[in-house]
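Examination of the molecular architecture
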Amino acid sequence: MNALLSFWNGRAAPPLGGPRLGPALATVLLTALVYALACSLGSQLGRLPNTGDFASFWPAAAIGLVAVLWRGLPALPGLVLGRLLFDALPDTLAGSLALGPGLASAAQAGLAALQAGLGAGAIRRWVRGPLSLVEPGPTLRWLALAGASALLSGSLNLGFHTPPSWSLAWAWLWLTAVTGDLLGVLLLAPVLWLSLPGQRAPGRRATWLWLLTSLGCLLSGLACAWVIALEHQQVARRWEALQQRQQQALKNELQRHEQVLDSLASVLSQTRQIDRHSFAQSAQPLLGLAEGLSALAWTPVVPQAQRSAFEAGLGRQLGHPQPITERQGDHTVPARARARHLPVQAIEPWAPHHRLLGLDVASEPLRAAAVDAALSQGRPAATPGLTRAPENRDPGLSVQLFRPVAGQAERGGAAPPHGPPRGLVSALVQIDWLAARQLEVGDAALPVAQAPGRLEPPSDILPDTVAYQWLDLDAPAAAQTLWSHQWPATTTPTQAPPEPRWWLGQRSLPAPQRSEWQFAGRHYQLTSQALPHFWSGNTSLWPYLVFTAGLWMTVAASLILLLFTGYQQSLAHEVEDRTVDLLQVQYSLQDAMGHVAAKSGQLEFLLQQTPVGFLGFDEGGTYLLGNQAMVRMLGIRSLAEIPNINVFISLLVQRLPGISLHRLFALGQSQPTDPDPPLQLNRVRLVTLNGQTKHITLQAMKYGVGPVRHLFTVVDLSSDVALESSKSEFLSLMAHEIRTPLTSVMGYAELLRTRPDQPEPMRRELATLITAQARQIQTLLSKMLNLAELEVGGADALKPRLQDLSQWLPGALQRSPVPSGRTPPQWTGTDEALHAMIDPRKLERALHELLGNAYAFSGPEQAVLVRLQRSRSADHGPAVTLSVIDEGLGMDEQQRAQACDKFYRVDKSGEKPGCGLGLPLVKLIAELHHGQLSLTPNPAGTGLIAAITLPLSGPM
């Protein structure tokens, strides 16, 4: 073994009839040889009944995994070659699991290589360090990954053999398929790995593991063999008892048919006039007394001289002429003249057999012999096997029994003991149905659980494991078989092949059972023979369970040995590592405690600074926690003034006018066991100590567990209420600003519609007014949309880029609209470059708004100036200021303070155009550019200076 392992490892590769083979080629060849031997061993020793034709123990799975782990990728083609070699071996060497050469063998070879490759790759990837199998963690991971590869191989193998289906049978097949590979890997892979050259594991450890594995496999096999021997003895006893019972049952049933005929003959012998109705009364009660009895018939003896009278009487019974007939092929024709006729006069059941009335049974050779025997010997006689009539829906063989009926006695007298019989009663017996019923095979078999994986053996021999043959020994050799079930076509009962019995050699099948008897003058023989799958079909799951349970216990013992042997070698290092780990954990714990303390302080600070006020009370209503926001909202000096929940409720009653006292006091009177729906008061007014009114939301919650059982939160909604008020005011102003010009447009349009006779100058003036008012509405909506875009998008609504304002400003002024009759704005600037990050379009829009206001609030003779100069921002950084100066009406201090509010207008009369959105838009554009808008009086005397200050960027 050591020499073989050394050669496999590439240390000593002897020449093979020529130059020395390389290590890779040697790995391929030796892997193939060892793997083929392992497959043959598993096929010969590991196959048990009820395992779905899969090996119960497959050592090749462990051989392939260890080979790839040890030798790497060159072992994979060796596994493929080994499987192909195994499938090509003869049955005596390969066993029953070899597939033979072909595509199936190639697929199985690929599956074996896939399992070993994936398993080895997973172990190399997820098991760190040397694979010495000493540490519990790496050992368990090693076995888990190896077992996972075996599960993959077994599942793929089953899917290749049997299509997947959601059934208990397929689940059992999957379990048996993967168990063989799994046991092989978990039991043999560790001991094989530790036995390889170069492993640092002590030799005694591998030796003990080999001894334990060998002993476990031996004991498991012996226990399984003992269970199989016990079950075979029980099956053999059941086999003998079954044959005796079935043969006796068949004989008894045939005797019952003969008794039925005797009873019917006895009744008819006492009947003076036998017709259809009298026969039916006598025969119908007897039909259900015997199995397979399909019909009873009365056949009188009619001499040729009485033929016409009989046919006339039969016609009167049937209501139509009915001659005596005989069969000619598949049809019936009038019978030829004979010395005597035996026509069917009555038959039961009537419906399926009424076509047989008038048929002369003596006209058929097979029946004529039985009829002559019955009439001449005065006893029952049977025909050979008869093919049923074509009109019968159930084809097969039947036997017809005939019994003579003595003549009718005179009234009040006894029947004569001798003399010619009046006729024959006959019974048609379905041989195949009778045999199937009595022998419990085919559709007539009793239900027996045959699902794979049954734990207990069947209570009786399974019908599908036995073949039957019923012979008529008096018939010609070619026609002796009356009925058969699963009888081999070419194998005689004495040539049945033996069935393999695991590793215990060949187990011969039970000897065939034969029984001969005589019935109705004929000799019959029944032979029962066990089929090749007799033993596996009639044994239970116990052999498989005993064998696999023994191997699983061996796996557990091997795992214990792996985990507890060799552990002393690394114990000192383990203690040292654990000490270092504990010190690291201690330092980490100290850091974590400090971190928790810091976070607790931060959390306490956040709770105290949060604008949401909260108070918590325990189960008895005593104060536990709160924050300063609640102190400020309630207007108290400290939280010490609220010792319990009732004081807090009383304080709320004073500060919340108009709230139901019952709802508030119910908060303090509720018990922990009461239902706890949260109470929420939305938008209630809270009156502070200085008389101010705030809008708040109060929420009370109760908890069934934890230190805090009552929690109250107060949220200040004053800013939200103010915001909603401003929204309402904004919508009102917006509606007013749109309604005024819209009303004018509607009035002018109505005037044009109702007075079409207006002079053309008047019509043009009205159209001009409508256009002006519509343009005013368009301007208002455009400003609203621009303002909304900037408010929603914020800085993302800008497309800034670095721009020299000294070069940008002249172009912006040229594009600025100038009212009719007014001079363009005059501007003064500097020659130096003033760079700033701006959105040119947005800043130009702000400039046009300022120029529009300057023209609107100044006289037609007054000039408008634009000035660009370097300046300082509010934080004293470098900036540039763009100013628009007019000499118009100007604004006082209050007007300047409200000028940037939406819809605020200095001119309340409405004579000046505008909607009150220009300056708010300019202010928003300046702020989005990180600048500001300032409104100051013109130091020249009258007018206003509107200045946009922006920070400088880029080159200074």
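The rules behind each value
Residues numbered from 1 in each chain as written. Predicted model: local features only at pLDDT ≥ 70, side-chain atom pairs only at ≥ 80, totals over all residues. Heavy atoms only, no water. Helix = DSSP H or I, 4+ residues; strand = E, 2+ residues; numbered from the N terminus. Areas by Shrake-Rupley, 256 points an atom, 1.4 Å probe, with all protein chains shown as cover. Polar contact = N/O pair within 3.5 Å; in protein donor to acceptor, adjacent residues only side chain to side chain. Contact = heavy atoms within 4.5 Å. Pairing = 2+ DSSP bridges. Axes fitted to C-alpha atoms, helices over the stretch in contact; angles between N-to-C directions. Left-handed = near helix turned anticlockwise from the far one by under 90°. Nonpolar A, V, L, I, M, F, W, Y, C, P; charged D, E, K, R; others polar. Core = buried A, V, L, I, M, F, W, Y, C linked by side-chain atoms within 4.5 Å. Buried < 20%, exposed > 50% of the residue type's maximum accessible area, 1.4 Å probe, protein only. Parallel < 35°, antiparallel > 145°, perpendicular 65-115°, else oblique. Salt bridge = Lys/Arg side-chain N within 4 Å of Asp/Glu carboxyl O. Phe/Tyr/Trp six-rings, centres within 6.5 Å; stacked < 30°, edge-to-face > 60°. Lys NZ or Arg CZ within 6 Å of the ring centre and 35° of its normal.

Once that is clear, we can look at the overall build of the chain. Across its full length, the chain holds 26 helices and 28 strands. As displayed, the chain has an accessible area near 49300 Å², and 59% of this comes from carbon and sulfur atoms.

Attention shifts here to the side chain of Asp-360. Relative to the assigned elements, Asp-360 resides in the loop between helix 12 (350-353) and helix 13 (365-377). Looking at Asp-360, its side chain comes within polar contact range of the side chain of His-341, at 3.0 Å. Excluding its chain neighbours within four sequence positions, the residues that come into contact with Asp-360 are Ile-324, Thr-325, Arg-338, His-341, Leu-342 and Pro-343.

Glancing now at the sheet that holds strand 23 (residues 826-828). The 5 strands lie next to each other as 23-25-26-28-27, forming an open sheet whose pairing is mixed. The open sheet has two edge strands with one neighbour each: strand 23 and strand 27 (932-937). Neighbouring strand axes in the sheet, compared pairwise and without regard to direction, differ in orientation by 25 degrees on average. Set on the sheet, helix 23 (residues 805-814) makes contact with strand 23, strand 25 (865-872) and strand 26 (878-885); between it and strand 25 the angle comes to about 160 degrees.

Pairing is antiparallel in the open sheet, where 5 strands are placed in the order 18-17-21-20-19. Each edge of the sheet is formed by a strand with only one pairing partner; in this case those strands are strand 18 (623-626) and strand 19 (679-687). For this sheet the average axis-to-axis angle between neighbouring strands, irrespective of direction, equals 20 degrees. Summarising the sheet, strand 17 (residues 613-617) and strand 21 (residues 710-716) pair through 5 bridges and their orientation is antiparallel. Residue Leu-615 lies in a different strand from strand 21, and its bridge partner there is Phe-712. Packed on one face of the sheet, helix 19 (residues 645-655) meets strand 17, strand 19, strand 20 (693-702) and strand 21 and runs near 30 degrees to strand 21.

Sheet analysis places strand 15 (residues 513-519) next to strand 16 (residues 522-530), joined by 7 bridges and oriented antiparallel. Each residue of the ladder has a partner; that of Arg-514, found in strand 16, is Thr-527. Connecting strand 15 to the antiparallel partner strand 16 that follows it, the hairpin turn spans 2 residues, and Ala-520 within it adopts a positive phi of roughly 55 degrees.

At their nearest, the axes of helix 8 (residues 168-194) and helix 16 (residues 542-564) sit 11 Å apart, and the two run at 35 degrees to each other. Of the two elements, helix 8 crosses helix 16, and the hand of that crossing is left-handed. In contact with Trp-172, Leu-175, Thr-176, Thr-179, Leu-182, Leu-183, Leu-186, Leu-187, Pro-190 and Leu-194 of helix 8, helix 16 contributes Tyr-544, Thr-548, Leu-551, Trp-552, Thr-554, Val-555, Ser-558 and Leu-562. Classifying every residue of the contact of helix 8 with helix 16 gives 13 nonpolar, 5 polar and no charged.

Take Ser-195: it is sitting in the loop between helix 8 and helix 9 (203-269). Between the C-alpha atom of Ser-195 and that of Leu-209, which follows or precedes it by 14 residues, the distance is 9.7 Å. Among the polar contacts listed, one links the side chain of Ser-195 to the side chain of Trp-210, at a separation of 2.6 Å.

With that out of the way, let us pick up the nonpolar core. Nonpolar side chains tend toward joint burial in soluble globular proteins. Residues Tyr-35, Trp-58, Ile-123, Trp-142 and Trp-193 are the most contacted members of the largest nonpolar core, which totals 59 residues. Elements with a minimum of two residues in this core: helix 2 (23-45), helix 3 (60-71), helix 4 (75-88), helix 6 (103-126), helix 7 (136-161), helix 8, helix 9 and helix 16. Per-element tally for this core: the top contributor is helix 8, with 12 residues. Counting residues in each nonpolar core, the second largest holds 46 residues, with Leu-268, Phe-279, Ala-435 and Phe-519 among its members.

So, about the packing of helix 2 against helix 4. At a closest axis distance of 7 Å, the pairing of helix 2 and helix 4 adopts a crossing angle of 45 degrees. Judged by the angle between their axes, helix 2 and helix 4 are oblique. As for how helix 2 packs across helix 4, the hand of that crossing is right-handed. Facing Thr-27, Val-28, Leu-29, Thr-31, Ala-32, Tyr-35, Ala-36, Cys-39, Ser-40 and Ser-43 of helix 2, the residues of helix 4 in contact are Ala-75, Pro-77, Gly-78, Leu-79, Leu-81, Gly-82, Arg-83, Leu-85 and Phe-86. Here the residues of the contact of helix 2 with helix 4 are counted per class, giving 12 nonpolar, 6 polar and 1 charged.

Taken as a whole and assessed by the stated rule, the structure comprises 19 salt bridges. As a salt-bridge pair, Arg-338 and Glu-326 come within 2.8 Å of each other at their nearest N and O atoms. Of this pair, Arg-338 sits in the loop between strand 4 (331-334) and strand 5 (340-341) while Glu-326 sits in strand 3 (residues 325-328), placing them 12 residues apart in sequence. In this structure, Arg-764 engages Glu-760 in a salt bridge whose closest nitrogen and oxygen atoms are separated by 3.7 Å. Taken as a pair, Arg-764 and Glu-760 lie in helix 22 (residues 760-793) at a separation of 4 residues, close to a single helical turn. A residue is classified by how much of its surface remains accessible, and Arg-764, at 47% relative accessible area, is partly exposed. Taken together, the shared-partner salt bridges connect Glu-326, Arg-336, Arg-338 and Asp-360 into one network.

Further remarks concern unusual backbone geometry. With omega at -5 degrees, the peptide bond leading from Glu-348 into Pro-349 counts as cis. Among the structural elements, Pro-349 can be located in the loop between strand 6 (346-348) and helix 12. Positive phi values are uncommon outside glycine, yet Ala-520 reaches one of about 55 degrees. With respect to the helices and strands, the residue Ala-520 is situated in the loop between strand 15 and strand 16. Look at Ala-520 and you get buried, because its relative accessible area is 10%. With phi around 60 degrees, His-930 is a residue other than glycine that occupies positive phi space. Within the secondary structure, His-930 sits in the loop between helix 26 (918-928) and strand 27.

Turning our eyes to something else, we now look at the packing of aromatic side chains. One pass over the structure, following the stated rule, counts 10 aromatic pairs. Judged by centre distance (6.1 Å) and plane angle (40 degrees), the rings of Trp-470 and Trp-517 are tilted. Residue Trp-470 is located in strand 11 (residues 466-472), and its partner Trp-517 is located in strand 15; the two are separated by 47 residues in the primary sequence. Of the two residues, Trp-470 and Trp-517, neither departs from the other in class, the shared state being buried. A network of ring pairs unites the aromatic residues Phe-617, Tyr-623, Phe-648 and Phe-712 as a single cluster. Directly above the ring of Trp-70 sits Arg-71, whose terminal nitrogen or CZ lies 5.9 Å from the centroid.

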